[in-house]
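# Structural features, examined
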Amino acid sequence: MSYADLSQARLFYVIDGPADAPVLVLSNSLGTCSDMWARQIPELSKHFRVLRYDTRGHGKSSIPEGEYSFEQLGNDVAELLAHLNIKRAHFCGLSMGGPTGLWLALARPELLDKLILCNTAARIGSAEGWSARIAAVAEQTLEKMAPTLVERWLTDSYRAAEPGLTQVLIDMLRRTPDAGYSGNCAALRDADFREQVGSIKASTLVISSTHDLAATPAQGQELAAAIPGARYFEMNTSHISNWEQPEVFTRTVVDFLKG
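Residues numbered from 1 in each chain as written. Predicted model: local features only at pLDDT ≥ 70, side-chain atom pairs only at ≥ 80, totals over all residues. Heavy atoms only, no water.

### Considerations on the nonpolar core
Definition in use: We define a nonpolar core as any set of buried Ala, Val, Leu, Ile, Met, Phe, Trp, Tyr and Cys residues linked to one another through side-chain atoms lying within 4.5 Å. Buried means the residue's accessible area, taken with a 1.4 Å probe over protein chains only, is under 20% of the maximum for its type, while exposed means over 50%, and partly exposed covers the values in between. Counting from the N terminus, the helices are DSSP H or I runs at least four residues long and the strands are E runs at least two residues long. Residue contacts follow a heavy-atom distance rule, with two residues in contact if any of their heavy atoms lie within 4.5 Å.
Core analysis: the largest hydrophobic core is formed by 84 residues, its most contacted members being V25, I116 and F249. Broken down by element, the residue count for this core peaks at 6 residues, all from helix 2 (residues 70–83). Not counting residues within four places of it along the chain, the set of residues in contact with V25 comprises L51, Y53, V77, L81, A89, H90, F91 and C92.

Structural data, given as structure tokens:
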């Protein structure tokens, strides 16, 4: 297993693909880990040096005390790239991974080539909603909340057709530490990039999902319209689009990065 001891966190990471290929960083959604990208790796690793990591508070990464910010989450990525002597990379973040990418594109643009923002928004949810989620986790625990939360991640038809793959995501969420999850909820509670995204220079693709209630297609379209030159693509899925339609998602990512 590979770990990077950074200034504020210890990140678990895994690398696939040729050593001389362009680097692609994949950033996980809230309540998952680097395993959420497993269905993309066989194809992506043919074209890219794919760097996956567990966001702080998730998976095998450390759980720093207190609440987090996207400045911290973005700096974790910047330090991880420096640790691995990677000068520039493409970045693809889904849900919570999206604002991490936005922060990097705004604060550390020299690190990014192309940017892919999936099932995300410049402002995800409301402060009240995230505060309520933090309180609910403290009262109920993620272990008990996981099945209900995952209902919002996948369409009804997918969950009915693929109960085993649905259970993989439920178990991934159950294994997420409550403290780490809540620390990242605080970052989402406080983050609002709507007035800044117009300054992004990176070539950007926004992927949204027709049935996503957490980051709606309208929010995705708004984000794409605000970033100069950004492209928009909509999938017939719910929030975890890469899991629900892996072939469509992966082809879209490869076509954009290689186009």
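### Some details on the pattern of salt bridges
Where we set the bar: The salt bridge criterion pairs a side-chain nitrogen of Lys or Arg with a carboxyl oxygen of Asp or Glu, the two atoms within 4 Å.
In total, this model carries 11 salt bridges according to the counting rule given. One salt bridge in this structure joins R52 and D16, with 2.9 Å as the shortest N-O distance. One end of the pair, R52, is in strand 4 (residues 49–53); the other, D16, is in strand 2 (residues 10–16), and 36 residues separate them in sequence. For D16, a relative accessible area of 23% corresponds to the partly exposed category. A salt bridge links R189 to E67; the shortest N-O distance between them is 2.9 Å. One end of the pair, R189, is in helix 8 (residues 178–190); the other, E67, is in the loop between strand 4 and helix 2, with 122 residues separating them in the sequence. Here R189 falls in the buried class, since its relative accessible area comes to 18%. Through salt bridges with shared partners, a single ionic network connects E67, R189 and D190.

### Describing the pairing of strand 2
For clarity, the threshold we go by: A pair of strands is considered paired only if DSSP assigns at least 2 bridges between the two.
Here strand 1 (residues 2–5) runs beside strand 2; their pairing, made up of 4 bridges, is antiparallel. The partner of D5 across the bridge, within strand 2, is R10. The hairpin formed by strand 1 and strand 2 contains 4 residues between the paired strands. With 4 bridges joining them, strand 2 and strand 4 adopt antiparallel strand pairing. Bridged to Y13 within strand 4 is Y53.

### Brief notes about helix 9 (residues 217–226)
Short version of the rule: As used here, the arc is the angular range of directions from the helix axis to the C-beta atoms.
Burial in helix 9 covers these residues: P217, G220, L223 and A224. Across the axial projection of helix 9, the buried residues extend over an arc of 120 degrees, all falling on one side. Opposite the buried face of helix 9, by more than 90 degrees, sit the exposed residues A218 and A225. Check the buried side of helix 9 and you find it contacts helix 3 (97–107), strand 6 (112–118), strand 7 (204–209) and strand 8 (231–235).

### Quick word on unusual backbone geometry
Of note, N85 is a non-glycine position whose phi angle comes to about 60 degrees, a positive value. Its location among the elements puts N85 in the loop between helix 2 and strand 5 (89–94). According to the relative accessible area criterion, N85 is exposed, its value standing at 57%. In this model, N119 sits at a positive phi of 45 degrees, which is unusual for a non-glycine residue.

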